[in-house]
Amino acid sequence: MRVPSLKERSPLSVYLEHCRKGELAYQVCTDDNTPVFFPRAVSPVTGSGNLEWRVSKGLGTVHSTTVVYYKNEAPLNVALIDLDEGFRMMSRVEDIDPMQVRIGMRVKVRMHPGNEKQPPYPVFIPLLVEEGSPRRGGGGAGAQNHPGSASHPSLARRGN
Amino acid sequence: MDLERGSVAVVGAAESDLGQVAPDTGIVDLMAQATMRALDDCGLKLSDIDAVLSATTQSRYAPMLLAEYLHIKPKFLDGTFIGGSSFMSHVAHAHAAIQLGICEVAVIAYGSTQRTISRAMASAREYNPFETPYRPFLPASAYALAAARHMHEFGTTREQLAEVAVAARKWALMNPVAWEKEPLTIEQVLNARMVSYPFTVRDCCLVTDGGGAIILTSAVRARTLKKKPAYVLGVGEAWGHTTISNMPNLTVTAAAESGHKAFRMAGLKLSDVNMLSLYDAFTITPILFLEDLGFCPKGEGGRFVADGAIAPGGKLAVNTSGGGLSYCHPGMYGLLVMIEAVRQVRGECGERQVKNCEIALAHGNGGVLSSQCTVLFGSETAL
């Protein structure tokens, strides 16, 4: 089985390169078309090195949400987003009162600018229904990620 | 070959000083103190100990530090670190080592000074490029995400979460060494300072100093000692995920698997259990564990704990020490979860003693609902 080298490029550095270009990137194991996130050198379950990088359309659904109240700071949203391509990631929903973010809300990615200490990273903003309908705008996995879907999207693809 | 039900027992159990300890107290001071108290408890000597198991956030070398402090020469050392449930895992490992004759007398110990030196200093979070930039307040925010999902899917309410805190407080008021000394109402839980929605400060475990130690040996040796042994009837370990972004289902933990393994080894049913010690890091966790261990159907945990069901005088005796929410929570809490279960089985809980407590279940949780371990302790009668 081909095991990729880590001498030239790391999975995280490829992800960050895409972030710098304003793109949310993820991987797909080409053995069985399963989406993979967080980025890895080898695919989970199979250990396969046949991982292909793709750029997400950036459309997803809020799977869960909380609001953190750090001392002397404005309330901060932290959410888990299910992307239409079939992977889940932690992020933040912006351009909305943090307490108004709702499970099931449709969202779209935007790259948060970086600084000397932190590379750019993906955040999300609320989406209008017509713009973000999974049947219209999402990728092939859209139908599986309806709001209320309880289990991790990556499990659904592997027949768990 | 597998672990043999009842072949190993806890013979000594003791807490270190709890709550707030003197400046410059080391975690190993606390571990050594607890170890000596646990030895007094069973009448064994320091020189009898030939296995040391521990895990702490303040040192990666925990078992080695304890061995060095007390000049123990262990035949078996274990530093398995899987979060707060590590100690239940240590019970399983010590059990195997004793059963195989690798060692005879094992101490499992823990110590933390997180209140004195601050939580941030005691448990520095590791950097995760896919979580840290978003600044979740870990571990609270991870559990809050699970709670929010449970509320969405099953209609669990903040009031029901608060019932868990209110019940814990009622038990704590019967425990002389508990940190909290005042009654608590649902209103007070809901109106306390918000930490990570839906959790207020009162939905979250305490931040205290503390530690403990338990001594395990073979059942044969246990019967020669001065106190009634608490036999290990069943133990089960399970892992589900490590980071909250990768939890397969936010409302289902691996406790279903660990509980099943423990009950199968013990040959027991849920109705055999007289007392439950469930790791209450946050108000959502006893709700999830009651469901996943099978005491109520999935999604019914909030309704189950309503109206004082797990408070003194309720349907089920849960966290009789007052729990991590009101008694003590020194960062990693699994050892103290087991100490209360052992004490209940030995009939030592005074005012909060559950009548005829022959079997107690101790369930530990580690990381962000990540590792789940269940231990069933029983008296001689239960064997």
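Residues numbered from 1 in each chain as written. Chains lettered and ligands numbered in written order. Predicted model: local features only at pLDDT ≥ 70, side-chain atom pairs only at ≥ 80, totals over all residues. Heavy atoms only, no water.

Considerations on the overall build of chain A
Convention followed: Each helix corresponds to a stretch of at least 4 residues labelled H or I by DSSP, and each strand to a stretch of at least 2 residues labelled E; elements are numbered beginning at the N terminus. Three exposure classes are used, based on accessible area relative to the maximum for each residue type with a 1.4 Å probe and protein chains only: buried under 20%, partly exposed in between, and exposed over 50%. The contact rule is simple, with two residues in contact once any of their heavy atoms fall within 4.5 Å. Values of accessible area rely on a 1.4 Å probe in the Shrake-Rupley scheme; residue burial ignores everything except the protein chains shown.
The helix and strand inventory of chain A stands at three helices and eight strands. Along its sequence from the N terminus, chain A presents helices and strands in the succession α-β-β-β-β-β-β-β-β-α-α. Split into buried and exposed, the 160 residues of chain A put 48% on the buried side. Contacts in chain A between residues far apart in sequence, at least 24 positions, make up 55% of those at least 6 positions apart. A total accessible area of about 8000 Å² is found for chain A, and carbon and sulfur atoms account for 52% of it.

So, a nonpolar patch on the surface
Residues and elements named next belong to chain B. Defined as follows: In this scheme, patches are assembled from residues that exceed 30% relative accessible area and form no salt bridge. Like charges are connected within 9 Å, while nonpolar side chains (Val, Leu, Ile, Met, Phe, Trp, Tyr) are connected within 5 Å. A pair is scored as a salt bridge if a Lys or Arg side-chain nitrogen falls within 4 Å of a carboxyl oxygen belonging to Asp or Glu.
Taken together, the side chains of Met1, Leu100 and Ile102 define a hydrophobic patch exposed on the protein surface, amounting to about 390 Å² of accessible area. Relative to the elements of secondary structure, isoleucine 102 occurs in the loop between helix H3 (86-99) and strand E4 (105-112). Taking the relative accessible area as the measure of exposure, isoleucine 102 reaches 40% and is therefore partly exposed.

Thoughts on the interface of chain A and chain B
Applicable threshold: The term buried area means the drop in 1.4 Å probe accessible area that two parts suffer when joined, counted for both and summed. Between N or O atoms, a polar contact is any pair within 3.5 Å; within protein, one atom must be a potential hydrogen donor and the other a potential acceptor, and residues adjacent in sequence are included only when both atoms are from side chains.
If you look at the interface, chain A gives 35 residues, while chain B gives 27 residues. Summed over both sides, the interface of chain A with chain B buries roughly 2800 Å², with 60% coming from carbon and sulfur. Applying the counting criterion to the chain A and chain B interface returns one salt bridge. For arginine 135 of chain B, the salt bridge identified is with glutamate 73 of chain A, shortest N-O distance 2.9 Å. Where chain A touches chain B, the interface holds 13 residue pairs in polar contact (both at pLDDT 80 or more). Of all elements in the fold, only helix H1 (11-20), strand E4 (59-68), strand E5 (76-83), strand E6 (87-91) and strand E8 (121-126) of chain A reach the threshold of two or more residues within the side of chain A that touches chain B. Per-element tally for the side of chain A that touches chain B: the top contributor is E4 of chain A, with six residues.

Comments concerning the sheet that holds strand E9 (residues 275-278) of chain B
Residues and elements named next belong to chain B. Quick reminder of the rule: Strands are labelled as partners when DSSP assigns at least two bridges between them. Axes, fitted as lines to C-alpha atoms, cover a helix only where it is in contact. Angles between the N-to-C directions of the axes lie from 0 to 180 degrees.
Across the sheet, nine strands lie side by side as E3-E2-E4-E7-E1-E8-E11-E10-E9; this open sheet has mixed pairing. Edge positions in the sheet fall to strand E3 (76-78) and E9, since each has one partner strand and no second. The mean inter-strand angle of the sheet, taken between neighbouring strand axes irrespective of direction, is 25 degrees. Of the strand pairs in this sheet, strand E1 (residues 8-15) and strand E7 (residues 210-218) are connected by seven bridges, and their pairing is antiparallel. Residue pairing across strands places valine 10 opposite leucine 216, the latter belonging to E7. Strand contacts of helix H10 (residues 255-266): strand E8 (230-239), strand E10 (359-366) and strand E11 (371-378), with the helix running at about 150 degrees to E8, the strand carrying the most contacts. Sheet strands touched by helix H11 (residues 284-293): E9, E10 and E11. Its angle to E9, the strand with the most contacts, is close to 125 degrees.

Notes on the environment of valine 189 of chain B
Residue and element names in this part refer to chain B. Within the secondary structure layout, valine 189 lies in helix H8 (residues 186-191). Valine 189 gets classed as buried once you look at its relative accessible area, which sits at 1%. In sequence terms valine 189 and proline 133 are 56 residues apart; their C-alpha atoms lie 30 Å from each other. Residues contacting valine 189, with those up to four places away along its chain left out, are Ala162, Ala165, Val166, Leu184, Thr200, Arg202 and Asp203.

Some words on the domain arrangement of chain B
Residue and element names in this part refer to chain B. For clarity, the threshold we go by: Boundaries of every domain are those given by an automatic assignment or by a domain database.
Once the domains are mapped, chain B shows domain 1 (8-119 + 208-232) and domain 2 (137-205 + 234-382). Put simply, the middle of domain 1 and the middle of domain 2, counted by C-alpha atoms, are 23 Å apart. Domain 1 puts 47 residues into the contact, and the matching count from domain 2 is 42 residues. Roughly 3200 Å² is buried in total at the junction of domain 1 and domain 2, and carbon and sulfur atoms are behind 66% of that figure.

A closer look at the sheet that holds strand E1 (residues 25-29) of chain A
Residue and element names in this part refer to chain A. Taken in spatial order, the three strands make up an open sheet running E2-E1-E3, and their pairing is antiparallel. Sheet topology places strand E2 (34-36) and strand E3 (51-55) at the edges, where each strand pairs with a single neighbour. The sheet shows a mean angle of 40 degrees between the axes of neighbouring strands, direction not considered. With five bridges joining them, E1 and E3 adopt antiparallel strand pairing. Pairing of glutamine 27 across the sheet is with tryptophan 53, part of E3. Contacts from H1 reach E1 and E3, with the element oriented near 20 degrees to E3.

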